[in-house]
Number of protein chains: 2
Amino acid sequence: MGKNEKVAVISTGMTEFGDLYEYEITGIANLAIYEALNNLHIKKEEIESLYVGNMGSHLFEGQENLGNLIATYAGLTCPAFKIQAAGASGAVALRNAVKGIQSGSKELVMVLGVEKMTEATKQHEAQLALASGLDTNWETRMGATLASLFAIMARAHMREYGTTREQIANVVVKNHYNASLNPKAQYKNRVRVESVLRSKLLSDPLRLFDACALSDGAASVVLASEEVAYSYDSDPVFIYQIKQGFAPIALHQRESLTEFSGTKFAAEKAYRDMGITAADISLAEVHDIFSIAEIIAIESLGLVEKGKGGFATENGDTALDGSIPINTSGGLKGRGAPLGATGVAQIIELFDQIKGNAGDRQIKDIKYALAHSMGGTGGTSVVSILGR
Amino acid sequence: MGKNEKVAVISTGMTEFGDLYEYEITGIANLAIYEALNNLHIKKEEIESLYVGNMGSHLFEGQENLGNLIATYAGLTCPAFKIQAAGASGAVALRNAVKGIQSGSKELVMVLGVEKMTEATKQHEAQLALASGLDTNWETRMGATLASLFAIMARAHMREYGTTREQIANVVVKNHYNASLNPKAQYKNRVRVESVLRSKLLSDPLRLFDACALSDGAASVVLASEEVAYSYDSDPVFIYQIKQGFAPIALHQRESLTEFSGTKFAAEKAYRDMGITAADISLAEVHDIFSIAEIIAIESLGLVEKGKGGFATENGDTALDGSIPINTSGGLKGRGAPLGATGVAQIIELFDQIKGNAGDRQIKDIKYALAHSMGGTGGTSVVSILGR
């Protein structure tokens, strides 16, 4: 952050994630918007700007201009617009909102992440929508899918570091377990390693249970400057850092298949600017769009040693009672992955954990908490660090 | 602006607008990006962030995640993302970039507006893409199109204020004339009132020549803080104000058919915060997506008296040698309207005018210059004020 001003999260709202067939996208948005407003009796006139993170309303539903649409149907009359960075849309919207506050705003801003993916009536429509986040010319049109690209990363990680198929499956087992303790999660069923390994093959070595499902949902946070925050909350949760890192969009353009270089860049910059190290992070929400992504993410973030992500997961280090709990919410895999909403939902999980409101998922003695969101196969990475 | 810090435009780049069939969208983007960098020998490493304004690459070309894609193919390695607000996408991207600088950045940021619309092989694909900026449920699915909604506004303006069909056509005549003096314009042919009135009927009373064409193009600007700007330019052009106004997305939800209330709100706020009035504006670029929109815009901006927009156009008040020249570039109508690029192209026209580099279109004695960009039928409005 330029002036290193921390920005407070003062209220949050979130729908259950899943198949919300009874709501239009504006209805889903309203549930999250009004939960965040009503929690602190914030009037809608107090919201200065609405930042909407969304991956593909145009692709899933033929509706663009989503900022203006959602503001209209929420009864908000403030500036509103959409930010798109594939799976990182919500996190990038958050980063711009933080800069909006830091630019000198003395009012409140709202970030809404929202996606309605189950509207796509045919499976291939949804797959095409997801594939639009890849390099259309050099990946999608050559036959690559999200699953096949992450499968390449999984194979490379297994070869380079001896990571086993079972270790990768343990990410799924852990995240389903955590989701079973999260009332808003899409999947509350626990799974075993054997169920993952016996599920339908998507792209060798990745199987159906290694992937996120399509999901509907919305998540919103209200942000304020430090000065303003204390009039709403005597002990606010702050976003200390929010950094964005770059990697080339297509997998074949990158130097390594087993590292998210943009994630590493953003995390190291965040730690450095705060004067902390990865060891000061008590828990993290990471972008587990496929199981293998969580393993590569925790290594790239420096939370576990490079090459040891699979072993750490198998050993239970990343479990709720482990040394560095990862995806206590259930992650994209267990909690659900309405794409634009995921980056904001991560912030809500960290907020609840820091406030001590995470119920059966509660982690003790939190120093700092980290959120990691990605677009595509890692071309965009956003790393945020929260704390009191 | 929160801290009321002005932000400098230090360099610009723009393609010709039109049918750029020989380039991919990334190629079009590169032309504008590298013109802006090369003009001042700016190294690409000096760019801290890339803000991409684009309406519909997913709809026109099946490609999303455009920020990451364009950064990759431009060889930029900075944070990049897309901002979408229908026709105002470029202007909203600019507004966020201004806030990015105001948040304390000591580096350069680039705003790129880009659209490739001629890739849509069938006319109805392009129309569906444009219609995605309307309220899908309550406008598009009921049969409304952009043209029919602006036709309703035209009828209402004619009834309420006695505006004539010929006066509206004069907008087109003027903007084609101005475009004929602009080397980068799509349409360099001059037209007469009779040609407009004899062109194909789109939606009564609007005809083909009242509408913008599909267009490809890109426009980019490099922004810097006031402090940083002077090391690049001893006499910089500043963005003094950039305000965004809201109106409900659908036309039937608005109080008036003959005013852009969000435009009025944003303009009045900008004038007030600067301590000026509309009389201090020497020229303006406005969002003439249909001819009637220019008439309503100049009234809503306070540049002409309410109801007098048609008469002012007919009298020549808005011509190059008039009292308040409008769309000296040729506007969306004459210069071309690659949607995401238009909001940035407006800033480049004002920059050139203020710098005295507008060639045969040059306006003398400029105090302040205004840009007005809209999304949809006016649900989103952005008003910027530039000067030395």
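Definitions and cut-offs
Residues numbered from 1 in each chain as written. Chains lettered and ligands numbered in written order. Predicted model: local features only at pLDDT ≥ 70, side-chain atom pairs only at ≥ 80, totals over all residues. Helix = DSSP H or I, 4+ residues; strand = E, 2+ residues; numbered from the N terminus. Rg over C-alpha atoms; globule rule 2.2 N^0.38 Å. Axes fitted to C-alpha atoms, helices over the stretch in contact; angles between N-to-C directions. Left-handed = near helix turned anticlockwise from the far one by under 90°. Contact = placed C-beta atoms within 7 Å. Nonpolar A, V, L, I, M, F, W, Y, C, P; charged D, E, K, R; others polar. Domains from an automatic or database assignment. Pairing = 2+ DSSP bridges. Least-squares fit on C-alpha atoms with pLDDT ≥ 70 in both. Expected span 1.5 Å × (residues − 1). Buried ≥ 20, exposed ≤ 12 C-beta atoms within 10 Å, placed from the backbone. Parallel < 35°, antiparallel > 145°, perpendicular 65-115°, else oblique.

Along its length, chain A carries 14 helices and 11 strands. In terms of overall dimensions, chain A is globule-like: its C-alpha atoms have a radius of gyration of 19 Å, near the 21 Å expected for 388 residues. When its C-alpha atoms are laid out on the principal axes, chain A stretches across 55 × 45 × 40 Å.

Helix-helix packing: each pair is described by the crossing angle between the helix axes and the interaxial distance. All names here are of chain B. The N-to-C vectors of helix α1 (residues 25–39) and helix α3 (residues 66–74) enclose an angle of 65°; their axes lie 9 Å apart at closest approach. The hand of the α1/α3 crossing is right-handed. The residues of α3 that touch α1, namely those facing T26, A29, N30 and I33, are L69, I70, Y73 and A74. Class assignment for the residues of the contact of α1 with α3 results in six nonpolar, two polar and no charged.

For the rest of this paragraph, the subject is the domain arrangement of chain A. Accessible area lost when the parts come together is the quantity often used to give the size of an interface. All names here are of chain A. Domain parsing of chain A yields domain 1 (7–120 + 215–237) and domain 2 (123–210 + 241–387). Each of domain 1 and domain 2 was reduced to a C-alpha centroid, and the two centroids are 23 Å apart. Elements with a contribution of two residues or more to the side of domain 1 that touches domain 2: β1 (7–14), α2 (57–61), α4 (89–102), β4 (108–116) and β7 (216–225). With seven residues, α4 is the single largest residue contributor to the side of domain 1 that touches domain 2. Taken together, the residues of the side of domain 1 that touches domain 2 break down into 21 nonpolar, 12 polar and four charged.

Moving on to the interface of chain B and chain A. With 45 residues of chain B at the interface, the matching set in chain A holds 45 residues. For the side of chain B that touches chain A, the secondary structure elements donating two or more residues are α2 (57–61), α3, β3 (80–84), α4 (89–102) and β8 (237–246) of chain B. Across the side of chain B that touches chain A, the residue classes break down as 14 nonpolar, 26 polar and five charged. For strand β3 (residues 80–84) of chain A and β3 of chain B, the ladder comprises three bridges, and the chain directions are antiparallel. Residue pairing in the sheet places K82 of chain A in a bridge with Q84 of chain B of β3 of chain B.

Our focus in this paragraph is the relation of the copies chain B and chain A. In screw terms, the move from chain B to chain A is a rotation of 180° and a rise of 0.0 Å along the axis, fitting with an RMSD of 0.0 Å. Taken together, the rotation and translation relating the two chain copies correspond to the operation of a two-fold axis. Taking the C-alpha atom as reference, chain B places S103 of chain B closest to the rotation axis, 1.9 Å from it. Both copies present the same face, since 100% of the interface residues in chain B are matched by interface residues at the equivalent positions in chain A.

Before going further, it helps to spend a moment on helix α14 (residues 339–355) of chain B. Residue and element names in this part refer to chain B. With 17 residues, α14 should reach 24 Å at 1.5 Å per residue; the first-to-last C-alpha distance of 25 Å fits that figure. Counting buried positions over the 17 residues of α14 gives 16, a clear majority of the element. G356 sits one or two residues past α14 and shows a positive phi near 80°.

It is worth spelling out the environment of R95 of chain A at this point. Residues and elements named next belong to chain A. In this fold, R95 is placed in helix α4. Along the chain, R95 and Q241 lie 146 residues apart, while their C-alpha atoms are 9.3 Å from each other. Not counting residues within four places of it along the chain, the set of residues in contact with R95 comprises I242, Q244 and V382.

Moving on to the pairing of β4 of chain A. Residue and element names in this part refer to chain A. When you tally the buried positions in β4, you get nine out of nine residues, the bulk of the element. Neither face of β4 is open: one carries L108, M110, L112, V114 and K116, the other V109, V111, G113 and E115, and all of them are buried. Looking at chain direction, β4 and β7 are connected through eight bridges and run antiparallel. The partner of V114 across the bridge, within β7, is A218.

We now examine α1 of chain B. All names here are of chain B. In this model, α1 (15 residues) spans 22 Å end to end at C-alpha, consistent with the 21 Å of a helix rising 1.5 Å per residue. Those residues of α1 not exposed but buried are I25, T26, I28, A29, N30, A32, I33, A36 and L37. Residues of α1 that are buried sit in contact with β1 (7–14), α2, α3, β4 (108–116) and β7 (216–225). Of the residues trailing α1, H41 is marked for its positive phi of about 50°.

With that out of the way, let us pick up the packing of α4 of chain A against helix α14 (residues 339–355) of chain A. Residue and element names in this part refer to chain A. Look at α4 against α14: their axes get within 5 Å of each other, and the N-to-C directions meet at 60°. In terms of their interaxial angle, α4 and α14 are classed as oblique. Residue-level contacts link S89, G90, A91 and L94 of α4 to L339, G340, A341, T342, G343, V344 and I347 of α14. Taken together, the residues that form the contact of α4 with α14 break down as six nonpolar, five polar and no charged.

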